[in-house]
Amino acid sequence: MHKIFPIFRIITSKRRVPKEALAVWGLENSIAYRNLSTSELYEIACESLLYPQTQVRPTTLSSTGALVAYSGAKTGRSPKDKRIVEDQITRKEIWWGDVNIPISRDSHVLLEQIALQYLVTRKRLYVVDGYAGWDLENRLRIRVYCTRAYHALFMTNMLIRPNNEELESDFRDIDFHIFNAGAMAASNKIPGVSSDTCVSVNLTDKKMVILGTQYAGEMKKGVFGVCHYLFPKKGILSMHSSANEGQNGDVTLLFGLSGTGKTTLSADPKRKLIGDDEHCWSENGIFNIEGGCYAKCVDLSAEKEPEIFNAIKFGAVLENVEFVSKESRVVNYNDISITENTRVSYPLDFIPGAKNPAIGGHPKNIFFLTCDAYGVLPPVAKLSAEQAMYHFISGYTAKVAGTEMGVKEPQATFSACFGEAFLPLHPAHYAQMLADKMNRHGTKCWLINTGWSGGKYGVGSRMPLKYTRAIIDAIHNGSLENAEFENYQIFDVQIPKNCPGVPQHILNPKNTWTNKEEFESSLRYLAEKFINNFSKYSSKTSESVIKSGPKL
C-alpha cells in the first residue's frame, strides 16, 4: 500500500504567517498559512475525504475539476443575524432598523473572543490577504482568517490577488479583518444575539466576526457592506450592479434584482465585462470591487449561460450541489434538494473577454432592470436625474408563481438601491451621490422592463429577449436617444414611439392589452405599491424626488 503523507509537509515555510502578526489576536501558537496557491488549497480541502468533519459533507471534485464544497446547515446568508456595533461614531451615521440591527461594543468583544478561542484551537489556520477594489488609488486591504480551505479558496477568488511584491510590502497595515469561525456557534446569552448564528461588524475598528454559519457568501457580502460604508466617505459611490464596456470605451452600469436578466444582459458578446455584481464610481471612473464572480447555478446549462458553465473548472468552487452519480461526479444543476441557492465562485479572468484590470471610464448609460409581472411598465423609459433617484431608491421587481413557496399571484418586491440588505447608510445618501455623478458626467438613465407584456403574469407573455437586446443595442449606438418620445401615463416617464428591431405597438404597454379597463386598474395598483413603499424613505428625500414618482 502507498503511504499517505500529510499535505502540509509539501508547503514551504515561506507561506506561514509570522508569529508577531498572529500575536495581536492571541493566535501566536497557531500555524497559519498565508495566500496558498489553488493547487495547495485543493489538496488540503480534499483531506476531508480522509478525515471528514461531522458537521458538513466532505469536499470533493466535480468532473470538470471544480472544487465541490458544502456549507452545512446554512446555505444562504443570514440577514436577521447580522449586527453592526453601535458606538459614538456609528450611532448617528448608520441607517438603523431591520437591515442594520445594533449591537453593543461589549457584546461584539465577547463574540470576537469566542471566535478567536475557536481559531486558536485549530491545528491550522488559513490567511487570505487581498484587495477590494481594482482602482489603485482606492482599494481596501482585506485580511481573512478561516479554518476551511474551501473558504480560503473562495476568498482567493473573490478578492483581488496581490502579487508577491504587494503581498510583502502593502499588507503590513490592514484596512479590514474578517475572523471566520463559522463552525463555532454564537451564544444567544450575549445581549443582542438572538440565535446560534451571528455576523457582527465593527465598522469603527474595522473587524468582522462570523459565528454559526459556514456559508461563504457571508464573507463576500461582509466586504461589500464595508465598502458601502467606507467608500462614500471618500466621495465614491458603491453599487450593487454589473458593468460592461463597448468597443469605443463607453461604460454601462446594469442594476437589477434576481430574475431581471442582469447576468444575461451584462454578458454581451459585443462588450467587455468589467464585473457582474459589485462596483464603485469614483472621480477616476468605474471599478470592480471584486476579483471574481459568484453566480447562481440552479438550472445552469451550456445553452443558457455558456460563460458561467464553462468557468466551472479547476480553480472554481461549487457550493451545495448534487451529482448525477457519485461515480461520474457530473453536477446535476437541476437538483435543488440541498438548496435552491446553489452557487459557483471563480476568478474574473475565467470569463472570456473580461476586462483586466477591471476598470472603466465614467458610465455613459445606466440601466435599471425590472421584471414587471403586472405587465404595465414599458419595455424602456428614459428617466430624469430625479426620476433616477426615485427608481433607484425604490429598486422594484416582482415575484411570480414558482419563485417562492406560496406565491400564486404577482407580488411587488422593492429593495432600495437594488441591494437594501447591504446598505449601512440611508438609501437617499447613495441616490443623491448617483444623481450628482450622473449630472456631472452627462450619464443617461433608462428603466428597462424584462417582464410581461400584453397582460399580467398568467395572461400576457414574457418580453422576448431579442427585443430587450435590440433596445439595449439602440441605446448603445445612440439611435434611441434621437427617437421621438411621449409621456407615459401615471408614471410620468418618457417612452420612445419607435425603436429599431422592436415592434412599435409594444413600446406602450396599453397597446398590448386587450382589456383596457384591466390595464388601467393594474397600472394604478402598481403605482400605489410604489407610493406606499417610497413613504419609508421620504423623510430624508427631497420634495422634487418624491414628486418624480407615480401620480394618481
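In what follows, the structure referred to is the one given above.
Visitor: Sorry, what's going on with the overall build of the protein chain here?
Guide: Along its length, the protein chain carries 14 helices and 31 strands. Relative to the 2.2 N^0.38 estimate, which gives 24 Å for 552 residues, the radius of gyration of the protein chain is 24 Å and therefore close to what a compact globule would have. Considered along the principal axes of its C-alpha atoms, the protein chain spans approximately 75 × 55 × 45 Å. Burial statistics for the protein chain: of 552 residues in total, 59% are counted as buried. Once local pairs closer than 6 in sequence are excluded, the contacts in the protein chain between residues at least 24 apart make up 72%. Within the structure as shown, the protein chain displays about 23,300 Å² of accessible surface, and the carbon and sulfur contribution to it stands at 50%. Each charge class in the protein chain can be summarised by its mean position, and for the 63 positive and 58 negative side chains these summaries are 3 Å apart.

Visitor: Looking at this structure, I do not really get unusual backbone geometry. What am I missing?
Guide: The phi torsion of most residues other than glycine is negative, and most of the peptide bonds are trans. In this structure, the amide linkage connecting asparagine 356 to the following residue, proline 357, adopts the cis form with an omega of 0°. Tracing the chain through its elements places proline 357 in the loop between β21 (343–347) and β22 (359–360). One non-glycine residue with positive phi stands out, namely lysine 206, at about 60°. Checked against the element boundaries, lysine 206 lands in the loop between β9 (198–202) and β10 (207–211). Phi at phenylalanine 418 takes a positive value of approximately 60°, unusual for a residue other than glycine. With respect to the helices and strands, the residue phenylalanine 418 is situated in the loop between β26 (411–414) and α11 (427–441).

Visitor: Help me understand the nonpolar core, please; the structure alone is not making it clear to me.
Guide: One recurring pattern in soluble globular proteins is that nonpolar side chains are buried together. With 137 residues, the main nonpolar core has Leu318, Tyr346, Phe368 and Phe491 as its most contacted residues. Listed in part, the 25 residues of the second largest apolar core include Leu22, Ala32, Ala115 and Ala181.

Visitor: Sorry if this is basic, but what is going on with the packing of aromatic side chains here?
Guide: How two aromatic rings sit relative to each other is given by the distance of their centres and the angle of their planes. Overall, the coordinates contain 26 aromatic pairs when judged by the stated rule. For the ring pair phenylalanine 255 and phenylalanine 418, a centre distance of 5.9 Å and an interplane angle of 40° mean the geometry is tilted. With phenylalanine 255 in strand β13 (residues 251–255) and phenylalanine 418 in the loop between β26 and α11, the pair connects residues that are 163 residues apart, well separated along the chain. Taken individually, phenylalanine 255 and phenylalanine 418 each receive the classification buried, so the pair is uniform in this respect. Ring centres of phenylalanine 534 and tyrosine 537 lie 6.3 Å apart, and the angle between their planes is 70°; on these two criteria the pair is classed as edge-to-face. Like tyrosine 537, phenylalanine 534 is buried. Grouped by ring-pair contacts, the aromatic residues Trp95, Tyr390, Phe534 and Tyr537 constitute a single cluster. Sitting over the ring of phenylalanine 350, lysine 313 keeps its end group 4.6 Å from the ring centre. Positioned above the aromatic ring of phenylalanine 485 is the side chain of lysine 382, whose terminal nitrogen or guanidinium carbon lies 4.1 Å from the ring centre.

Visitor: Help me out: how do you make sense of the side chain of glutamate 112 in this one?
Guide: With respect to the element layout, glutamate 112 can be found in helix α4 (residues 105–120). Taking the relative accessible area as the measure of exposure, glutamate 112 reaches 10% and is therefore buried. Within the structure, the side chain of glutamate 112 is placed 3.0 Å from the side chain of lysine 207, a separation counted as a polar contact.

Visitor: Hey, could you run me through empty space enclosed by the protein in this one?
Guide: A water-sized probe, rolled over the atoms, reveals where empty space remains. Counted under the stated rule, the structure contains seven cavities of 30 Å³ or more. When its volume is computed, the largest cavity comes out at roughly 210 Å³. Around the largest cavity sit 18 residues that line it, and Lys82, Val201, Lys221, Gly222 and Gly225 are the ones nearest its centre. Mapped onto the lining of the largest cavity, the elements with two or more residues apiece are β4 (82–85), β9 and α7 (217–230). When residues in the lining of the largest cavity are grouped by element, the largest group, five residues, is from α7. Classifying every residue of the lining of the largest cavity by side-chain character gives ten nonpolar, four polar and four charged. Volume-wise, the second largest cavity comes out at about 100 Å³. Around the second largest cavity sit Thr263, Ser266, Ala267, Leu273, Asp276, Cys293, Glu305, Glu307, Ile308, Tyr346 and Ile351, which together line it. At the level of elements, α8 (262–266) and α9 (306–311) are the ones that each hand at least two residues to the lining of the second largest cavity. In the lining of the second largest cavity, the residues fall into six nonpolar, two polar and three charged.

Visitor: What's the story with helix α12 (residues 465–476) in this structure? I'm lost.
Guide: Residues spaced three or four apart along an α-helix face the same direction, because each turn holds 3.6 residues. Helix length check: α12, at twelve residues, gives a terminal C-alpha distance of 16 Å against a target of 16 Å (1.5 Å per residue), a fit within 8%. When α12 is considered as a whole, its buried residues turn out to be Tyr467, Thr468, Ala470, Ile471, Ile472, Ala474, Ile475 and His476. Structurally, α12 contributes buried residues whose contacts are with β13, α8, β23 (363–370), β24 (380–383) and β27 (444–449). A positive backbone phi angle near 90° is found at glycine 478, which sits one or two residues after α12.

Visitor: I tried to follow the pattern of salt bridges on my own but got confused; where do I start?
Guide: Where charged atoms from two side chains of opposite charge approach closely, those side chains can pair. Counted according to the given criterion, the structure contains 30 salt bridges. A salt bridge links lysine 220 to glutamate 278; the nearest nitrogen and oxygen atoms lie 3.1 Å apart. A residue pair is termed long-range when its members are at least 10 positions apart, and lysine 220 in helix α7 and glutamate 278 in strand β15 (residues 278–282) qualify at 58 residues. Here lysine 220 matches glutamate 278 in class, with each residue buried. The network of salt bridges with shared partners includes Lys220, Lys221, Lys262, Asp277, Glu278 and Glu290.

Visitor: Whenever I open this one, the sheet that holds β15 confuses me. Can you help?
Guide: What links the strands of a sheet is backbone hydrogen bonding, and the strands pair in either a parallel or an antiparallel sense. If you trace the four strands from one edge of the open sheet to the other, you get β11-β15-β16-β22, paired in antiparallel fashion. Bordering the open sheet on either side are β11 (237–240) and β22, each of which pairs with just one other strand. With two bridges connecting them, strand β16 (residues 285–288) and β22 associate as antiparallel partners. Directly across from phenylalanine 287, in β22, lies its bridge partner isoleucine 359. Along the sheet, α7 contacts β11 and β15; its crossing angle with β11, the most-contacted strand, is approximately 145°.

Cut-offs and rules
- Residues numbered from 1 in each chain as written.
- Predicted model: local features only at pLDDT ≥ 70, side-chain atom pairs only at ≥ 80, totals over all residues.
- Heavy atoms only, no water.
- Helix = DSSP H or I, 4+ residues; strand = E, 2+ residues; numbered from the N terminus.
- Rg over C-alpha atoms; globule rule 2.2 N^0.38 Å.
- Buried < 20%, exposed > 50% of the residue type's maximum accessible area, 1.4 Å probe, protein only.
- Contact = heavy atoms within 4.5 Å.
- Areas by Shrake-Rupley, 256 points an atom, 1.4 Å probe, with all protein chains shown as cover.
- Lys, Arg positive; Asp, Glu negative; His and termini not counted.
- Charge placed at Lys NZ, Arg CZ, Asp CG, Glu CD.
- Core = buried A, V, L, I, M, F, W, Y, C linked by side-chain atoms within 4.5 Å.
- Phe/Tyr/Trp six-rings, centres within 6.5 Å; stacked < 30°, edge-to-face > 60°.
- Lys NZ or Arg CZ within 6 Å of the ring centre and 35° of its normal.
- Polar contact = N/O pair within 3.5 Å; in protein donor to acceptor, adjacent residues only side chain to side chain.
- 1 Å grid on protein atoms, 1.4 Å probe; cavity = no way out; pocket = protein on both sides within 12 Å on 5 of 7 lines; lining within 4 Å.
- Points joined across faces, edges and corners; volume = space filled by probe spheres on them.
- Nonpolar A, V, L, I, M, F, W, Y, C, P; charged D, E, K, R; others polar.
- Expected span 1.5 Å × (residues − 1).
- Salt bridge = Lys/Arg side-chain N within 4 Å of Asp/Glu carboxyl O.
- Pairing = 2+ DSSP bridges.
- Axes fitted to C-alpha atoms, helices over the stretch in contact; angles between N-to-C directions.

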